[in-house]
Amino acid sequence: MLFCKIGVLSLGKKKKPHLFFAGEKSPIFPAIHAQAARELQNNPNSEVQIFEGCGHILHLEEIEKFNQAVIDFLNKIKKTDVISLFC
């Protein structure tokens with residue numbers, strides 16, 4: 001739990017683009033948490049991807065869709081930006 005609190009507190013300080021993922025049916029990291037993290041980060045270049053019908057392991061449940069979301073995000077950001085992916 002401490003890690004989560006530290007992560008949330010430091011998230012607002014990070015200015016690099018982030019891509020937040022959540023499965024619509026995830027009991028571990030609900031979609032509302034991904035949306036809240038994006039809002040807390042307050043970076044217009046950050047995005048949230050909610051996968052409908054997926055649980056917590058969306059990268060295995062929707063492999064092609066997940067990979068395409070990452071590729072699309074990487075293509076949008078500047079080459080010099082370091083990114084973070086949160087699942």
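The rules we used
Residues numbered from 1 in each chain as written. Predicted model: local features only at pLDDT ≥ 70, side-chain atom pairs only at ≥ 80, totals over all residues. Heavy atoms only, no water. Helix = DSSP H or I, 4+ residues; strand = E, 2+ residues; numbered from the N terminus. Contact = heavy atoms within 4.5 Å. Core = buried A, V, L, I, M, F, W, Y, C linked by side-chain atoms within 4.5 Å. Buried < 20%, exposed > 50% of the residue type's maximum accessible area, 1.4 Å probe, protein only. Pairing = 2+ DSSP bridges. Right-handed = clockwise from strand over helix to strand, strands pointing away. Arc of directions from axis to C-beta.

Asks: Would you explain the environment of A34 in this entry?
Replies: Positionally, A34 belongs in helix α2 (residues 31-41). Expressed as a C-alpha distance, the spacing of A34 and I50, which sit 16 residues apart in the sequence, is 8.3 Å. Here A34 is in contact with F20, F21, A22, F29, V48 and I50, once residues within four sequence places are set aside.

Asks: What should I look at first to understand the nonpolar core in this one?
Replies: What tends to happen in soluble globular proteins is that the nonpolar side chains get buried as a cluster. By size, the foremost hydrophobic cluster in this structure holds 10 residues: L19, F21, F51, C54, L58, F66, A69, V70, F73 and I77. For this core, the secondary structure elements donating two or more residues are β1 (18-23) and α4 (63-76). When residues no more than four places from it in sequence are discounted, the contact partners of C54 are G23, E24, K25, S26, E61 and E62.

Asks: Just checking my understanding: could you explain the environment of Q49 for this structure?
Replies: Mapped onto the fold, Q49 is located in strand β2 (residues 47-51). For Q49, a relative accessible area of 25% gives the class partly exposed. Other than its neighbours up to four places away in sequence, Q49 contacts L19, F20, F21, A22 and A69.

Asks: Just to check I follow, could you spell out the pairing of β2 for this structure?
Replies: Taken residue by residue, a regular strand's side chains alternate between the two faces of the sheet. When β1 meets β2, the two strands line up parallel, connected through 5 bridges. Bridge pairing in β2 links F21 to Q49. Handedness of the crossover is the feature at issue here: the chain leaves β1, passes through α2, returns alongside β2, and the resulting connection is right-handed.

Asks: Is there a simple way to explain α2 in this structure?
Replies: Each turn of an α-helix holds 3.6 residues, which means side chains three or four residues apart point in the same direction. Burial in α2 covers these residues: A31, A34, A37 and Q41. Axial view of α2: buried residues confined to an arc of 125 degrees, hence all on one face. For α2, exposure combined with an orientation more than 90 degrees from the buried face picks out I32 and E39. With its phi angle positive at about 55 degrees, N42 sits one or two positions after the end of α2.

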